[in-house]
Amino acid sequence: MFNPVLVHQTRSIRTILPLSKPFLHGNGNVFRQIQSSPSFKKGPKIRLGSVPSNSVKAMADTAVSNGVTAVVTVRPPINPLTAGGQVIDDVEDLFSKSLQLELVSAKDENKPTISGNAKIKGVVVKDCEVQYEAEFQVPVDFGEIGAILVVNEHALEMYLKDIVLDGLPSGLVTITCESWVQPNTSKDPRIFFTNKSYLPSKTPNGLQKLRYAELVNLRGNGEGERQKADRIYDYDVYNDLGDPDEDEELKRPVLGGKQHPYPRRCRTGRPHCKTDEASEERVPSKSLIPISPYVPRDEESRRLKETTFVIKGIVSDSCVSLNTKLESRICRHRWVSQTSQKIDKLFREGVKIKDAEFWKSLLPGFVEEIKDIGDFFLRFTSPETFKRDRFFWFRDEEFSRQTLAGLNPYSIRLIAEWPLKSTLDPEIYGPPESAITTELIEKEIGGMISVEEAIKQKKLFILDYHDLFLPYVEKVRQLKSTTLYGSRTIFFLTPAGTLRPIAIELTRPPMNGKPQWKQVFLPSWHSTECWLWKLAKAHVLAHDAGYHQLVSHWLNTHCCTEPYVIATNRQLSVMHPIYRLLDPHFRYTMEINGLARQALVNADGIIESSFSPGKYSMEFSSVAYDKQWRFDHEALPKDLISRGLAVEDPSAPHGLKLTIEDYPFANDGLDLWDAIKQWVTDYVNHYYPDKSLVESDEELQAWWTEIRTVGHGDKKHEPWWPVLKTPKDLIEIITTIVWVTSGHHAAVNFGQYTYGGYFPNRPTTARCNIATEDPSDEQWKFFLEKPENALLNTFPSQIQATKVMAILDVLSTHSPDEEYLGKEIEPAWREDPVINAAFEKFRGKLMELEGIIDARNADPKLRNRNGAGMVPYELLKPFSEPGVTGKGVPYSISI
Ligand SMILES: [Fe+2]
């Protein structure tokens, strides 16, 4: 596999150690530099002259030294123009230059380090990896190797995969790098610690300064514009969504701060807009090379997910936004005056497109050429829901089932108080009392039970999109081709354990000189009321689709996780065990969030142009953050309790009694939660055997303080933040973060095409007022004569629907290199036998969960996941094949 090239170090190299440590060259020279600052500023380097006699002896006498070989594995740069292919950019550079290495003793900071020159040894053809080799003589009293310093002499940055040291008395030592190392033109050497984890207080003497210095490096100084090669993690507000310099209409409020509380994002330091000092300039997208906003270099996915690449490609495809690009590439048709068969045609015949090559790159396999006429058509794959039952979207039982086992299982709540009442200011929004009265509900539940008794028995549930949406109704209605209501939907839990929707209330606040308008719609056996019910349902689904995308998905997973990533890199050393526990859960999240800011949640992006809050979408998510988000409620058990879907019960499985026993998301989710919690418990207890170690861990305390007071600083005064004093506190906090990045995200992400791909099931917006709201005679006549067209007019336009379908397909796709929770062990975990065993137990639990979920889906008694034409609930099955599978739980939020 390798060329048998022996590497000898014959030439002297300059020191690369920036600290006070002296170093011992591999050929026996000893150098000492005078510099005590841990800040990596270069100081004068003074060669001390003659080699101490004991060092010479050490090198000459093999009895007191070990010959050690270091093999460095490097992955070549990716050429972004080869669509994920890997190329070695500069062969001459690769073979003529070297890597300088310096071994650092863990035990003593005054121990001379040992330097070596690693030359290329060979190429692993299969993985296109390059290996370098250096040899060292390591004195036996050198002690354990604690770190390696690396200087890249090449002209290009290099991606170091790992360094393996062979020949030490302790056996092979692997240093997992997985990091870009920049050319050493102006940068200081990189520090790579071994895979052994240490709490700060247990850090060996020889590594303490390096540990601190590396954290200082990663924090930066909060100044200047970040460059692509930087590795600096810092915070900023969301002030880069708008583009006021391009068009005043594209100005958006700053999210983050008192007026619009929001989590923080990664600071890029880009210049501010000429027309609005509060806004940051957009990243220009004028190049064929993908451009995304700055993220620290190692946050960019090395093994580029195909899907990420697609988004990058779209972003960079030309200098217009993704939104505009997509629109310009779809031939314009409206659903108006057409039948629903036209929607089905998207799957049977497809929609005519203008630029086949573009679409082929975006959705390979979906583009077909009709040879006779030379036209290209984009034909979508039928979502699994549609394949199994073409009418699934039309049925009420499926509508309610999806609140428990669909794409947004996070909104359904128990009704605990009656009558329903708004908390909004009646002076502005009109009378707060709901029009859903006791009489209406009792009529619908057939006299079986009184409302009072139904509430007592926990039989009434609600999708409550009233108070959150109502303040936006007037503003959204001023936008083109759209409308909005506040809504409440009531469900009754049947004796069979399924939900039945029994009432929908739509509300418009006082506006344009008209008083508040609200109406209750009920299921009926009369055609007029039946169609009105369908129309009301379309509005509720648009609210649910908007809430799902902006709150359950974007805000509560992608956006709220970014501060955890930043704080972890700024406050926890890479050798901290909690850093190593969290690291796989944060992979590529900052990158996908940056791309989302660039192309999805930006002004006039896909979300604004296609989802119900329109241009107020992100502001709406800020309101949800302000009014609803609590860290403690992000834990699944507490979330369920907060929504009245569970109560604590020490005798029940998971310690919880579910209000709806067959609640597929909760049933599978709690099993997954427990598996994660056990793994985290085993891990934390191993590194914190003594309770007091948590409180005395200064890195950990700084990490948690920064998350609470900076990353989520707009919520810093909330009383619900968990304290962090004991291992138990730490286990709950870490389990919550791991759940959000894995189970929570998977539950709301990977079913997007399955449930949203056939858009009548989840219209992302509703474009027309319901037929009974102040209709003209003509409008009412149109509804009576063509109710189906009234529904089609309410649905998203063909352009809106097609671009949402395209993006949902991309976002629902697992790439071939997806990293599933518990599938592959992290190298640092493997090295500790206790952690290795705990991980194997965790993996076993997840494998078991696969079988449990399959068995549940096969059980006809579980009527919310098993039935004719029903898609089984698999979103929390841990593993998956690549593609749109509707299952699989990755470690991290990377799409
Ligand atoms: Fe996502």
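Definitions and limits used
- Residues numbered from 1 in each chain as written.
- Predicted model: local features only at pLDDT ≥ 70, side-chain atom pairs only at ≥ 80, totals over all residues.
- Axes fitted to C-alpha atoms, helices over the stretch in contact; angles between N-to-C directions.
- Helix = DSSP H or I, 4+ residues; strand = E, 2+ residues; numbered from the N terminus.
- Parallel < 35°, antiparallel > 145°, perpendicular 65-115°, else oblique.
- Left-handed = near helix turned anticlockwise from the far one by under 90°.
- Contact = placed C-beta atoms within 7 Å.
- Nonpolar A, V, L, I, M, F, W, Y, C, P; charged D, E, K, R; others polar.
- Expected span 1.5 Å × (residues − 1).
- Bend = angle between axes of the 7 residues up to and from the residue.
- Buried ≥ 20, exposed ≤ 12 C-beta atoms within 10 Å, placed from the backbone.
- pLDDT = per-residue confidence, 0-100.
- Pairing = 2+ DSSP bridges.
- Core = buried A, V, L, I, M, F, W, Y, C linked by C-beta atoms within 7 Å.
- Domains from an automatic or database assignment.

## What about the packing of helix α20 (residues 664–687) against helix α23 (residues 727–749)?
Piece 1. Following both chains from N to C, one finds α20 and α23 inclined at 140 degrees, their axes separated by 9 Å at the closest point. If you check the angle between α20 and α23, you find them oblique. Here α20 and α23 pass one another in a crossing that is right-handed. Residue-level inspection shows Phe665, Gly669, Leu672, Trp673, Ile676, Lys677, Val680, Thr681, Val684 and Asn685 of α20 in contact with α23, the latter providing Pro727, Leu730, Ile731, Ile734, Thr735, Val738, Trp739, Gly743 and Ala747.
Piece 2. When its residues are assigned to classes, the contact of α20 with α23 shows 13 nonpolar, 5 polar and 1 charged.

## Quick look at α23
Piece 1. An ideal rise of 1.5 Å per residue puts 33 Å on 23 residues; α23 measures up with 31 Å between its terminal C-alpha atoms.
Piece 2. At Trp739, α23 is deflected by roughly 45 degrees, the largest bend along its length.
Piece 3. In terms of residue burial, α23 counts as a mostly covered element, since 21 of its 23 residues are buried.

## Regarding the environment of Tyr758
Piece 1. As for its placement among the helices and strands, Tyr758 is situated in the loop between α24 (752–756) and α25 (777–785).
Piece 2. The exposure class of Tyr758 is buried, given the 25 C-beta atoms found within 10 Å.
Piece 3. Placed 372 residues apart in sequence, Tyr758 and Phe386 show a C-alpha to C-alpha distance of 6.9 Å.
Piece 4. In this view, Tyr758 contacts Pro383, Thr385, Phe386 and Trp393; residues no more than four positions away in its chain are not counted.

## Quick notes on the confidence of the model for the chain
Piece 1. Scored by pLDDT, the chain comes out at a mean of 86, with 82% of its residues at no less than 70.
Piece 2. Contacts from residues 1–21, a stretch scored under 50 in pLDDT, to residues over four places away or in other chains number 57 contacts.
Piece 3. Across residues 25–62, where pLDDT falls below 50, the model places 66 contacts with residues more than four positions away in sequence or in other chains.

## Focus: unusual backbone geometry
Piece 1. The amide bond that connects Trp418 to the next residue, Pro419, takes the cis arrangement and shows omega of 0 degrees.
Piece 2. Position of Pro419 relative to the elements: it lies in the loop between β17 (413–414) and α10 (426–429).
Piece 3. Phi at Ser481 is positive, roughly 55 degrees, even though this residue is not glycine.
Piece 4. The phi angle at Asp604 is positive, at roughly 65 degrees, despite the residue not being glycine.
Piece 5. As for its placement among the helices and strands, Asp604 is situated in the loop between α16 (589–599) and α17 (606–610).

## So, the sheet that holds β17
Piece 1. Reading across the sheet, the 5 strands line up as β17-β18-β19-β20-β21 and stay open at both edges, with antiparallel pairing between neighbours. Taken across any chain shown, the strands that pair with only one partner, and hence form the sheet edges, are β17 and β21 (517–521).
Piece 2. Where helix α9 (residues 396–405) meets the sheet, it contacts β18 (460–465), β19 (486–493) and β20 (499–508), and its direction lies at approximately 85 degrees from that of β20.
Piece 3. Its contacts with the sheet place helix α14 (residues 527–571) against β18, β19, β20 and β21, and it is angled at close to 85 degrees to β20.

## Focus on the nonpolar core
Piece 1. Among the nonpolar cores identified, the biggest contains 210 residues, and Ala70, Ala147, Ile148, Val150, Phe192 and Ile734 are the most heavily contacted of them.
Piece 2. Take this core: its biggest share by element is 19 residues, from α14.
Piece 3. When residues of this core are assigned to domains, at least three fall in each of domain 1 (23–213) and domain 2 (411–523).
Piece 4. Contacts of Ile734, omitting those with residues within four sequence positions, involve Ile578, Leu581, Val680 and Val684.

## Thoughts on α16
Piece 1. Of all 11 residues in α16, 11 are buried; the element is thus mostly enclosed.
Piece 2. Thr589, Met590, Glu591, Ile592, Asn593, Gly594, Leu595, Ala596, Arg597, Gln598 and Ala599 are the residues of α16 that are buried.

## Points about the pairing of strand β7 (residues 129–139)
Consecutive side chains along a regular strand alternate between the two faces of the sheet.
Piece 1. Across the 11 residues that make up β7, a large majority, 9, are buried.
Piece 2. Bridge analysis of strand β4 (residues 65–75) against β7 gives 10 bridges, and the strand direction is antiparallel. Along β7, the bridge assignment pairs Val74 with Val130.

## Some thoughts on the packing of α14 against α23
Piece 1. As a packed pair, α14 and α23 sit with axes 10 Å apart at the nearest point and diverge in direction by 155 degrees. The orientation of α14 with respect to α23, classified from their angle, is roughly antiparallel. Crossing of α14 over α23 shows left-handed handedness. Along the contact surface, α14 presents His548, Ser552, His553, Asn556, Thr557, Thr561 and Tyr564, while α23 presents Ile737, Val740, Thr741, His744, His745, Val748 and Asn749.
Piece 2. Residue composition of the contact of α14 with α23, by class: 4 nonpolar, 10 polar and no charged.

## Describing the environment of Glu826
Piece 1. Of note, Glu826 is situated in the loop between α27 (798–811) and α28 (827–831).
Piece 2. Taking the C-alpha atoms as reference, Glu826 lies 8.8 Å from Leu581; in sequence the two are 245 residues apart.

## Regarding the environment of Asp162
Piece 1. By the secondary structure assignment, Asp162 is in strand β9 (residues 158–166).
Piece 2. Taking the number of C-beta atoms within 10 Å as the measure of exposure, Asp162 has 16 and is therefore partly exposed.
Piece 3. Spatially, the C-alpha atom of Asp162 lies 8.9 Å from that of Ser179, the residues being 17 residues apart in sequence.

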